[in-house]
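# Observations on the model geometry
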Amino acid sequence: MLKILKYLKEAGWPALAVVALLVVQAYCDLALPQYTADIVDVGIGQKGIADAVPERMREETYHRLEMLMTEEERELMASAYEQAGDGSYAFCGGKEERESLNEILGIPMLILSGLESGASAGAMPGMQQGPGMNLADEQIPALREQILESLGDTGDSVIAQGAVQFVQKEYEQLGMDPGRVQRSYLYRTGGIMLAYSVVMMATAILVGLLAARIGARLGLNLRQRVFTKVLSFSHGEMEQFSTASLITRSTNDIQQVQMVVVMLLRMVVYAPIIGIGGVLKVVRTRTGMGWIIVVAVALILALVCMLMAVAMPKFKKMQALVDRMNLVSREILTGVSVIRAFSREKFEEERFDRANRDLMRTQLFTNRVMNVMMPVMMLIMNGISLTIVWFGAKGIDTGNLMVGDMLAFITYTMQIVMSFLMLTMISVMLPRAGVAAGRIEEVIGTQAGVRDKEQTRDDKLKDARGVVCFEDVSFHYPGADEDALEHLSFTARPGQTTAVIGSTGCGKSTLLNLIPRFYDVTGGRITIDGVDIRDVSQHKLRSLLGYVPQKAVLFSGDIASNLKFGSTGGEDAPDISDRQMEEAAKIAQAVEFIESRPDKYRSEISQGGTNVSGGQKQRLSIARAIAKAPKVYLFDDSFSALDYKTDVKLRRALAEKTGDATVIIVAQRISTILHADQIIVLDDGKIAGMGTHGELLQNCEAYREIAKSQLSEAELEGGAAV
């Protein structure tokens, strides 16, 4: 959760704008129930008369009300009303005056209504009936107290209703149309509700747009950060994270986080705002039913805690199962030809089915657990509504509650419950997103084993010649107990070909991988022109190298884009011209099959180079390195897929091209390195011999054994004579 909030913090002002818009949306949402209650209670029940303050009243009524007020109250009413030309009084005060008069006028209006209906004046001490009736100021509070006591618990309700009826009759006496008064109130209140609804709709749309933008930007940034980090990984980190897992983390995991961030902005931030606002509104309704909300919230929290306790472990397991599913799928799809060749289809189907069913069972379990949530939540919500109606009806029956207030209370309660429901819904997704965010951060937070120093010496290799020197180099893989390479010392010079040969698993490819710093040496050092390769940047180092891997790799695009792959347009890797590209293809013996294609160099290369043969792929890979014109060529058993004739022609053309460059070849076939200037024989990670072909035949037993297995007696004798 904290990691996801950190991502939100990075969003900056758009996230703050979303919060501000959600506050506006919540304010509008919370205002609507009260206006609905007003329409029911005032617009319909009271025919548009909101309180005890008439907009207009007759002069006679004005003076009769004055007689039932204290001096201070008379002054307040005088400041709030002004006399019109026809003698009537019109309200001209503000909101504060209206609220004060609403509290004052109720009992005087009730008294006047009683007098008009024939109530005994003698029952009201100190009051004289008729035009001269009046009360002493000190008698008025006692009279009001007496009336309130006589009304009992329903006093406030009776006074309010009596005042509304008094205002209705006053309007009728003035000749005002009651229907017009009611319609005016309904139109005015409805218009305000419509305005709030429009604002709420606009803010909701803006929140959706901003949240989607923030989520998309977050996904873009996370994918970029993960991709950049993975590109910086050495082979050690690539082995720590499987390829399938890195793909899952870059796609599915980021998508989970992105989706939850959008939900957080649209729901989780909104939920507490609407929930707290709903509670404040409920408190103001003074219905006496607040305990219902407490019970509802307690039930919802108990449900959420129970579901999370059951589902959380499964969410963590699910991501590992997705990784496993991707790994199995990738292995089967990439190795489908081998599977068919060995008739292993049935076994692989069963292996895929096991991974598929494990994931399905976990997903079904979590879905079933979470599916319980919605029916139970609906049961709680309906139970709350029923409880409110039950106790609200009793309040209406006793006169302590109005129908509109009950409707508003139900609406506010549902808003509070819905806020917790929104939190519950996001809590379903949070555990999985939290796991996904942790997996993403695991990649981003992993320090690459091979890093550049803060101060590099790139300037020392500005005019590099390409002299590669191994000085007592040793290396062991991370976590390994024994060295893969031990105390290697040799020098590969420009204009010469240095070959490395040995039995399978002796460390030939490992030796070659140390030069581009796919791994860093664990002992000794490797230098180029006397400069330790760890003292220069990886970019500068690799700009000097032309690397051809053991397994040829091509990228989707066309032949030209693959041959010009080493061109970045920078100082260390200038653009490769078409002439250079064609020359490289000619040296790599690739022109014949390129020219035979309809689109020639613009011929499409599918992903992984699946639409070219192994030999063609290897020749294109070699041409790609030649086109770069590096100072040092590294060939990792790169001629194995070539026939003998093509191999000979390619090496002869390559020797002419690389006359001033250093060439290091790892090979299995002696015929490939027969004419190398220096052959290094590796045996179990150590140098067993070093020299030319003839010298090694005479002095190195390990080399002779390899030669005997590949060359005829005549070739051996000829080589020894050399």
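Coordinates for the structure precede this section.
The rules behind each value
- Residues numbered from 1 in each chain as written.
- Predicted model: local features only at pLDDT ≥ 70, side-chain atom pairs only at ≥ 80, totals over all residues.
- Heavy atoms only, no water.
- Buried < 20%, exposed > 50% of the residue type's maximum accessible area, 1.4 Å probe, protein only.
- Pairing = 2+ DSSP bridges.
- Helix = DSSP H or I, 4+ residues; strand = E, 2+ residues; numbered from the N terminus.
- Core = buried A, V, L, I, M, F, W, Y, C linked by side-chain atoms within 4.5 Å.
- Contact = heavy atoms within 4.5 Å.
- Axes fitted to C-alpha atoms, helices over the stretch in contact; angles between N-to-C directions.
- Parallel < 35°, antiparallel > 145°, perpendicular 65-115°, else oblique.
- Left-handed = near helix turned anticlockwise from the far one by under 90°.
- Nonpolar A, V, L, I, M, F, W, Y, C, P; charged D, E, K, R; others polar.
- Patch = residues over 30% accessible without salt bridge, like charges linked within 9 Å, V, L, I, M, F, W, Y side chains within 5 Å.
- Areas by Shrake-Rupley, 256 points an atom, 1.4 Å probe, with all protein chains shown as cover.
- Salt bridge = Lys/Arg side-chain N within 4 Å of Asp/Glu carboxyl O.
- Lys, Arg positive; Asp, Glu negative; His and termini not counted.
- Charge placed at Lys NZ, Arg CZ, Asp CG, Glu CD.
- Phe/Tyr/Trp six-rings, centres within 6.5 Å; stacked < 30°, edge-to-face > 60°.
- Lys NZ or Arg CZ within 6 Å of the ring centre and 35° of its normal.

### Thoughts on unusual backbone geometry
- Notably, aspartate 472 is not glycine yet its phi reads approximately 50°, a positive angle.
- Take aspartate 472: its relative accessible area is 38%, and that puts it in the partly exposed class.
- One non-glycine residue, lysine 600, adopts positive backbone phi at about 50°.

### Re the sheet that holds strand 5 (residues 485-492)
- Strand order across the open sheet formed by four strands is 5-4-7-8, with antiparallel pairing between neighbours. Strands with a single pairing partner mark the edges of an open sheet, and in this sheet they are strand 5 and strand 8 (531-532).
- Note: strand 4 (residues 468-475) against strand 5, five bridges, orientation antiparallel. Residue cysteine 469 lies in a different strand from strand 5, and its bridge partner there is threonine 491.

### Overview of the nonpolar core
- Core analysis: the largest hydrophobic core is formed by 72 residues, its most contacted members being Val257, Ile384 and Ile388.
- The set of elements that each furnish at least two residues to this core consists of helix 2 (13-45), helix 8 (178-232), helix 10 (243-268), helix 11 (270-285), helix 12 (290-334), helix 14 (345-398) and helix 15 (403-445).
- Examining the composition of this core, we find that 17 residues originate from one element, helix 12, more than from any other.
- With sequence-adjacent residues up to four places away left out, isoleucine 384 is seen in contact with Ile292, Ala296, Thr413, Met414 and Val417.

### Side note on the packing of helix 2 against helix 8
- One can describe the packing of helix 2 onto helix 8 by two numbers: an axis separation of 8 Å at closest approach and a directional angle of 160°. Our classification of the angle between helix 2 and helix 8 gives roughly antiparallel. Of the two elements, helix 2 crosses helix 8, and the hand of that crossing is left-handed.
- Looking at the contact of helix 2 with helix 8 residue by residue, the classes come out as 28 nonpolar, seven polar and two charged.

### Things to note about a negative patch on the surface
- On the surface, a cluster of negative charge is made up of Asp481, Glu482, Asp483, Asp683, Asp684 and Glu705.
- Residue position: aspartate 481 is located in the loop between strand 4 and strand 5.
- Relative accessible area serves as the criterion here: at 81%, aspartate 481 is assigned to the exposed category.

### Focus on the packing of aromatic side chains
- Per the stated rule, a full pass over the model turns up twelve aromatic pairs.
- Aromatic pair tyrosine 477 and tyrosine 519: ring centres 5.2 Å apart, planes at 90°, arrangement edge-to-face. Here tyrosine 477 is found in the loop between strand 4 and strand 5, whereas its partner tyrosine 519 is found in the loop between helix 16 (508-514) and strand 7 (523-528), with 42 residues between them in sequence.
- Looking at tyrosine 477, the relative accessible area reads 27%, which means it is partly exposed.
- Taking the relative accessible area as the measure of exposure, tyrosine 519 reaches 6% and is therefore buried.
- Relative to phenylalanine 565, the ring of phenylalanine 555 has its centre 4.6 Å away and its plane inclined at 10°; by these criteria the two rings are stacked. Here phenylalanine 555 is found in the loop between strand 9 (545-548) and strand 10 (557-558), whereas its partner phenylalanine 565 is found in the loop between helix 18 (559-563) and helix 19 (578-587), with ten residues between them in sequence.
- What makes phenylalanine 555 partly exposed here is its relative accessible area of 36%.
- Through a chain of ring-to-ring contacts, three or more aromatic side chains come together here, namely Tyr62, Tyr81, Tyr89 and Phe91.
- Across from the ring centre of phenylalanine 347, 4.0 Å away, lies the NZ or CZ of arginine 344, which sits over that ring.

Nothing here speaks to function; it is all geometry.
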